[in-house]
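Commentary on secondary and tertiary structure
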Amino acid sequence: MGSRFPSHQLSNGLYVSGRPEQSKERPVTMSSTAMPYTGGDIKKSGELGKMFDIPVDGSKSRKSGPVGNPPMRTGSFGGAASHSGPITNSTSRASYSTSGPVTSGIGGGPTGGSNRQKSSSGPLNKHGDPIKKSSGPQSGGVTPGTRQNSGPQAPVLPATGLITSGPITSGPLNSSGAPRKFSGPLDSMGSIKLHSTSIVNNQAVTNLSQEDDYSFKRNFPKPILWSVILLFVMGFIAGGFILAAVHNPILLVVVVVLFSFVAALFTWNNCWGRKGVTGFIAQYPDAELRTAKDGQYVKVSGVVTCGNVPLESSFQRVPRCVYTCTSLYEYRGWDSKAANAAHRRFTWGLRSLERHVVDFYISDFQSGLRALVKTGYGARVTPYVDESVVVDVNPSNKDMSPDFVRWLRDRNLSSDDRVMRLREGYIKEGSTVSVMGVVQRNENVLMIVPPPEPLSTGCQWGKCILPASLEGIVLRCEDSSKIDVIPV
């Protein structure tokens with residue numbers, strides 16, 4: 001047509017006015033065929049079975065259908081094929097999770113499906129399909145090499161044909177071959193041995209011995225003691241010589257009177273020295289932590305709170321303690337066995353001692369501040385904690401306490417015909433205690449640490465008590481079993 005208005009002819013032969021419409025790239029459409037009835041067999045489910053890498057039935061092809069050769073038009077994507085017709089299921093699966101242009105079924109030339117190209121951003125499996133990623137653990141039927149997991153995988157064990165009950169993780173060993181940790185309760189013997197072993201090996205726990213108890217012999221200076229003994233020996237020798245030579249007993253009588261007085265004084269302090277020390281601690285004035293200076297020796301009374309490592313008493317199993325002491329004593333008669341090397345006849349001797357202390361917190365009654373008491377990690381501690389008699393056993397009633405017999409058996413102690421007494425003391429959370437030590441301020445942390453030198457109690461002339469030394473941090477607590485505990 002010779003008109004000045006542009007026109008073009010349609011495909012049916014009709015002429016219309018206007019310029020021909022520019023060809024536009026149509027988006028790739030995906031379709032899938034209807035899945036056949038599987039009857040519950042996952043091997044006949046086609047694509048569902050491929051998702052779990054289960055081999056499908058051999059009668060069905062992996063491809064859902066052939067890919068046709070529709071007309072191809074070259075667009076602006078560097079020769080990438082765009083289809084104007086529907087793409088079958090295999091084509092859509094081939095182009096799944098790819099980041100580049102896809103030529104599905106046609107390779108840009110007359111070669112057809114043999115030149116199928118993929119530009120994938122991830123690895124491919126043995127079928128040429130992209131590997132799917134899962135974030136959870138895989139089951140036993142999944143081959144570990146076909147999926148990328150972000151979680152732990154089950155161990156690949158050799159096929160031995162052994163039939164076991166339960167999964168791999170139900171045995172006494174874990175996947176790495178190490179003994180499995182159980183969170184359930186243990187039996188009594190296992191829990192006691194584990195508890196005692198963990199306490200001994202824990203660096204945060206201070207193990208105290210009998211040397212930390214009050215003893216007049218250890219507190220009295222040895223040079224002075226030997227000097228007094230030497231003077232009395234010389235006095236007795238001189239008094240006896242004068243008595244034999246001059247027949248004058250005055251010197252010997254004076255020496256005997258002085259010796260009797262000194263012996264009585266030593267005996268009194270040996271029996272009542274501990275009570276004199278506890279009286280000194282009770283009379284020592286309490287300090288206020290708010291106004292205490294760094295390096296000042298103070299006494300603080302307040303309520304106890306457990307730290308990171310709470311303790312448990314050995315016999316009564318009292319939980320959440322900061323100090324525990326369980327001691328076993330035996331009485332030695334004329335024919336009885338000695339409890340230790342220094343055990344004398346007709347006295348009580350210590351046979352076994354378990355005493356532990358850890359770091360804890362104390363809330364001051366005066367100011368309400370809370371301070372960390374550094375009694376753990378091998379610190380020097382002098383405890384004055386009252387103990388109560390828990391079990392008193394003699395040959396006639398030794399079988400009436402099965403807990404005591406089991407306690408002896410767990411520690412490999414004999415329970416033959418002996419007169420025994422078990423005493424136990426502890427400081428549990430919520431108890432009221434008095435602590436004596438040096439204040440140390442470290443930024444915002446208020447601590448009470450052991451002093452560099454021992455503290456002397458001085459002479460208590462009214463009670464005839466000689467001086468005693470208090471080393472390290474001093475703990476004073478009355479019998480906790482008779483005192484109401486403040487809940488914290």
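Sequence order sets the numbering: in each chain, residues are counted from 1 along the sequence as written. pLDDT decides what is reported in this predicted model: residues at 70 or higher carry local features, side-chain atom pairs at 80 or more are listed and counted, and totals for whole chains, interfaces and linings draw on all residues regardless. Calculated side-chain values reflect all of the structure's heavy atoms, with hydrogen atoms and water omitted.

1. With respect to the environment of Arg355
Rules: Comment: elements are numbered from the N terminus, with helices defined as DSSP H or I runs of at least four residues and strands as E runs of at least two.
The topology assignment puts Arg355 in strand E10 (residues 347-357). Linking Arg355 and Ser327, residues 28 residues apart in sequence, is a C-alpha distance of 8.2 Å.

2. Remarks on the sheet that holds strand E7 (residues 206-207)
The criterion, for reference: Paired strands, in this sense, are two strands between which DSSP finds at least two bridges.
With antiparallel pairing, five strands are arranged side by side in an open sheet as E7-E10-E9-E15-E14. Both edges of this open sheet fall to E7 and strand E14 (388-393), since each of them pairs with a single strand only. Strand direction decides the pairing type here: strand E9 (residues 321-332) and E10, joined by 10 bridges, are antiparallel. Across the sheet, Thr324 pairs through a bridge with His356, a residue of E10.

3. Some details on the nonpolar core
Basically, it comes down to this: Each nonpolar core is a collection of buried residues, namely Ala, Val, Leu, Ile, Met, Phe, Trp, Tyr and Cys, held together in the definition by side-chain atoms within 4.5 Å. Burial status follows relative accessibility: with a 1.4 Å probe on protein chains alone, a residue under 20% of its type maximum counts as buried, one over 50% as exposed, and anything between as partly exposed.
Among the nonpolar cores identified, the biggest contains 33 residues, and Val322, Tyr323, Phe360, Ile362, Ile427 and Val435 are the most heavily contacted of them. Grouped together as the second largest cluster of nonpolar side chains are 17 residues, Tyr297, Leu372, Val449 and Ala468 included.

4. Focus on the packing of aromatic side chains
Our working rule: Stacked, tilted and edge-to-face are the three classes assigned to paired rings of Phe, Tyr and Trp, where Trp is represented by its six-membered ring and a pair needs centres within 6.5 Å; plane angles under 30 degrees give stacked, over 60 edge-to-face, the rest tilted. Any Lys NZ or Arg CZ found within 6 Å of a ring centre and within 35 degrees of that ring's normal is scored as a charge over the ring.
Evaluated as defined, the whole model comprises 11 aromatic pairs. Ring pairing ties together the aromatic residues Phe216, Phe220 and Phe266, which thus form one cluster. For the cation-ring pair, Arg370 lies above Tyr361, with the distance from its terminal atom to the ring centre recorded as 4.1 Å. In this arrangement the basic side chain of Arg421 is found over the ring face of Trp348, its NZ or CZ atom lying 4.4 Å from the centre.

5. With respect to the UniProt feature "transmembrane region" (unreviewed entry) in the protein chain
Test applied: UniProt positions are given in the numbering used here, feature names are shortened, and annotations may be inferred rather than shown by experiment.
With numbering aligned to this structure, UniProt lists the feature "transmembrane region" (unreviewed entry) at residues 224-244 and 250-268. End C-alpha atoms of residues 224-244 are separated by 30 Å, and the span's content is 100% helix alongside 0% strand.

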